[in-house]
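# Descriptive structure summary
One letter stands for each residue in the lines below.
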Amino acid sequence: MLDYGLVLEGGGLRGLYTSGVIDAFLEKGIEFQLVIGVSAGAGYGCSLVSRQHGRNLRILKEFRNDPRYLSFSSYIKTGNYFGIDFIYDEIPKTIPFDTEVFLTSPTRFITVCSNVETGKPEYFDKDEHIIKVLKASSSIPFMCKIVKHKGKKLMDGGITDAIPLKKSIELGCSKNVVVLTHPEGFRRKNRFHPSMLFYFRYPKFARAINSYVARYNKNLEFVEEEAKKGKIILIRPSKDLNVTRTESDLAKLERLYELGKSDAIAALSNLCDM
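These figures come from a predicted structure and were not determined experimentally.

### So, the pattern of salt bridges
One pass over the structure, following the stated rule, counts 17 salt bridges. Where Arg-108 meets Asp-125, a salt bridge forms, and the shortest distance between an N and an O atom there is 2.7 Å. Of this pair, Arg-108 sits in strand S3 (residues 108–115) while Asp-125 sits in strand S4 (residues 121–125), and the two are 17 residues apart along the sequence. The class of Arg-108 is partly exposed, set by a relative accessible area of 35%. For Asp-125, a relative accessible area of 37% translates into the label partly exposed. For Lys-252, the salt bridge goes to Glu-247, with nearest N and O atoms at 3.9 Å. Its relative accessible area of 18% is what places Lys-252 among the buried residues. Each of Asp-85, Asp-89 and Lys-135 takes part in salt bridges that share partners, so that together they form one network.

Written as structure tokens, this is what we have:
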């Protein structure tokens, strides 16, 4: 086990890149002291801790084009464009998630969610409620319903802490590997969000959505500066394959997965040198 933190940002189906990185680590027998993931990063990152090579890719191959996985009909029927109940409750009946290995692993696993009432991030350690927490972290504003857990109203962790490197450092990981799902040069651009209309009961969360772009770009700059200083290993797509959050092209998703594997292998020499 490496004395490192592993930081995984989200990105919906762009997370197939992260899955490739994870499977490369599994093939090399690499484990981390801490894994902290956001949204899809947490959902895909579980397979590293449960040591289930290829599980994420298999799920996408078998279920991406199932309307219960991701579709407007899912939104109409369930209130969730991404069918989080189907993804986290039904799919494991066909492709099991090894909860026992996950919970007993010495790796600390933290999922980032956003508290809708406070507009602040919440950090949840792994426990028997991991599925509920993963659902919350993956519940994208405007596209999914609020998830209630432990008396809190929760949604997508990416809104309040999209790249939780500072949190990993705060938790004691002076060395970190950060996996991003956009290539070098990416910056988010401001666009209109009907936040106050959708979340008028939760003005702090609405403000967090409205300030998300500026906060994300500032976080990204911090990550890139830490990489330049040699303080972290930064892994991100070496090519822009133009994969969207809701990508339906399975061949393109498989290419992204393979890119993640090759980029991770290329980064392993730097990992061993730190």
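### Considerations on the packing of aromatic side chains
Each aromatic ring pair is summarised here by two numbers: the centre-to-centre distance and the angle between the ring planes. What the rule picks out here adds up to twelve aromatic pairs. Centre to centre, the rings of Phe-102 and Phe-109 are 5.2 Å apart; their planes meet at 70 degrees, and the pair counts as edge-to-face. Looking at Phe-102, the relative accessible area reads 0%, which means it is buried. Taking the centre distance of 5.7 Å and the plane angle of 50 degrees together, the rings of Phe-142 and Tyr-199 count as tilted.

The rules behind these values
Residues numbered from 1 in each chain as written. Predicted model: local features only at pLDDT ≥ 70, side-chain atom pairs only at ≥ 80, totals over all residues. Heavy atoms only, no water. Salt bridge = Lys/Arg side-chain N within 4 Å of Asp/Glu carboxyl O. Helix = DSSP H or I, 4+ residues; strand = E, 2+ residues; numbered from the N terminus. Buried < 20%, exposed > 50% of the residue type's maximum accessible area, 1.4 Å probe, protein only. Phe/Tyr/Trp six-rings, centres within 6.5 Å; stacked < 30°, edge-to-face > 60°.

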